[in-house]
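Summary of structural features
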Amino acid sequence: MKTLATILLLLTTACATTSKPTLEVSAGSRYFDAPVADLNHETSVGLSYLASPEVLGPLELEVSISRFSDRVEYSGNNGRVVGADLSAGVRYGRQFGCVIPYVGAGVSGTHVAPSTDAGVTWKDDTTLGTYLRVGIKFPLSDKAYIGFDARYVDADTFSHQLYDMDGEVLSVTFGTMH
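Here is what the cut-offs are and how they apply
Residues numbered from 1 in each chain as written. Predicted model: local features only at pLDDT ≥ 70, side-chain atom pairs only at ≥ 80, totals over all residues. Heavy atoms only, no water. Helix = DSSP H or I, 4+ residues; strand = E, 2+ residues; numbered from the N terminus. Contact = heavy atoms within 4.5 Å. Areas by Shrake-Rupley, 256 points an atom, 1.4 Å probe, with all protein chains shown as cover. Phe/Tyr/Trp six-rings, centres within 6.5 Å; stacked < 30°, edge-to-face > 60°. Lys NZ or Arg CZ within 6 Å of the ring centre and 35° of its normal. Salt bridge = Lys/Arg side-chain N within 4 Å of Asp/Glu carboxyl O. Buried < 20%, exposed > 50% of the residue type's maximum accessible area, 1.4 Å probe, protein only. Polar contact = N/O pair within 3.5 Å; in protein donor to acceptor, adjacent residues only side chain to side chain. Pairing = 2+ DSSP bridges. pLDDT = per-residue confidence, 0-100. Patch = residues over 30% accessible without salt bridge, like charges linked within 9 Å, V, L, I, M, F, W, Y side chains within 5 Å.

**Here's the deal with the overall build of the protein chain**
Counting its secondary structure elements, the protein chain contains 1 helix and 8 strands. N-terminal to C-terminal, the α/β element order of the protein chain is α-β-β-β-β-β-β-β-β. A separation of at least 24 residues holds for 58% of the contacts in the protein chain among residues at least 6 apart in sequence. About 9400 Å² of surface is accessible on the protein chain, with carbon and sulfur atoms providing 65% of the total.

Following this line, the structure appears as structure tokens:
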């Protein structure tokens, strides 16, 4: 039992913490609840900035931008959907040994620009919503970590009714503190 306690103590003190301002890069897939269009499994890449002001204690402020795209078919037309999310919110995480699980919430704005291969462009649109996220970080050093992140976005339907923007974003993340 003493050996196990010693190992746990060494792991806890050997692992890095991530309380410094952080730049985080993510890559993954976005899944929309899109009953009309064949829109699913979009490639998603993102960039986030996290900061921990002292007055907020263990909370981190986050600002993120991500881009997604996919080939779609709608009403017999092949096309492409390209979009972007801009979000801002808070995260709460706590280190347990060498892992940092976290939860977060915030507001999100999503813009999409659909077009067809024939050059027909559907109306670009923007919608607002909220998000919830959970994730886990694995510190690699005092300045870097890798992690996994799942985010659920609850957003309005675009005005042309083509896409219901509710959906999930599953990502692998890499962060670096400065």
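**Some details on the packing of aromatic side chains**
All told, the structure shown has 1 aromatic pair when counted by the stated rule. Centroid distance Phe138 to Phe148: 6.3 Å. Interplanar angle 75°. Geometry classified as edge-to-face. Placement of the pair is Phe138 in strand β6 (residues 125–139) and Phe148 in strand β7 (residues 144–155), with a sequence separation of 10 residues. Stacked on the ring of Tyr102, the Lys or Arg Lys137 has its end atom at 5.6 Å from the ring centre. The residue whose ring lies beneath Lys137 is Tyr145, and the NZ or CZ to ring-centre distance is 4.8 Å.

**What about the pattern of salt bridges?**
Tallying each qualifying case throughout the model produces 6 salt bridges. Residues Glu60 and Lys137 are paired through a salt bridge, measuring 3.6 Å at the closest nitrogen-oxygen approach. With Glu60 in strand β3 (residues 59–74) and Lys137 in strand β6, the pair connects residues that are 77 residues apart, well separated along the chain. Of the two residues, Glu60 and Lys137, both sit in the buried class. Between Arg133 and Asp149 there is a salt bridge whose closest N-O contact spans 3.0 Å. With Arg133 in strand β6 and Asp149 in strand β7, this residue pair connects regions lying 16 residues apart in the sequence.

**Topic: the side chain of Glu62**
By the element assignment, Glu62 lies in strand β3. A relative accessible area of 1% means that Glu62 is categorised as buried. Polar side-chain contacts of Glu62 include one of 2.5 Å to the side chain of Tyr131. Ignoring sequence-local partners within four residues, the contact set of Glu62 consists of Tyr49, Leu50, Ser87, Ala88, Gly89, Val90, Arg91, Tyr131 and Arg133.

**Focus on the pairing of β7**
Every regular strand shows the same layout, with side chains that alternate between the two sheet faces. Alignment of β6 against β7, held across 11 bridges, turns out to be antiparallel. The residue bridging Gly129 from the neighbouring strand is Ala155, located in β7. The hairpin formed by β6 and β7 contains 4 residues between the paired strands.

**What to know about the confidence of the model for the protein chain**
Within the protein chain, residue pLDDT values average 76, and 71% of them lie at 70 or more. For residues 4–18, every residue scores under 50 in pLDDT, and the model assigns this stretch 17 contacts once sequence neighbours within four places are set aside.

**A word on a nonpolar patch on the surface**
Where nonpolar side chains cluster on the molecular surface, the patch consists of Leu23, Val25, Leu47, Tyr49, Val63, Ile65 and Leu86 and spans about 600 Å² of accessible area. When contributions to the nonpolar patch are tallied by element, the ones reaching two or more residues are β1 (22–32), β2 (42–51) and β3. You can see Leu23 is positioned in strand β1. A relative accessible area of 36% places Leu23 in the partly exposed class.

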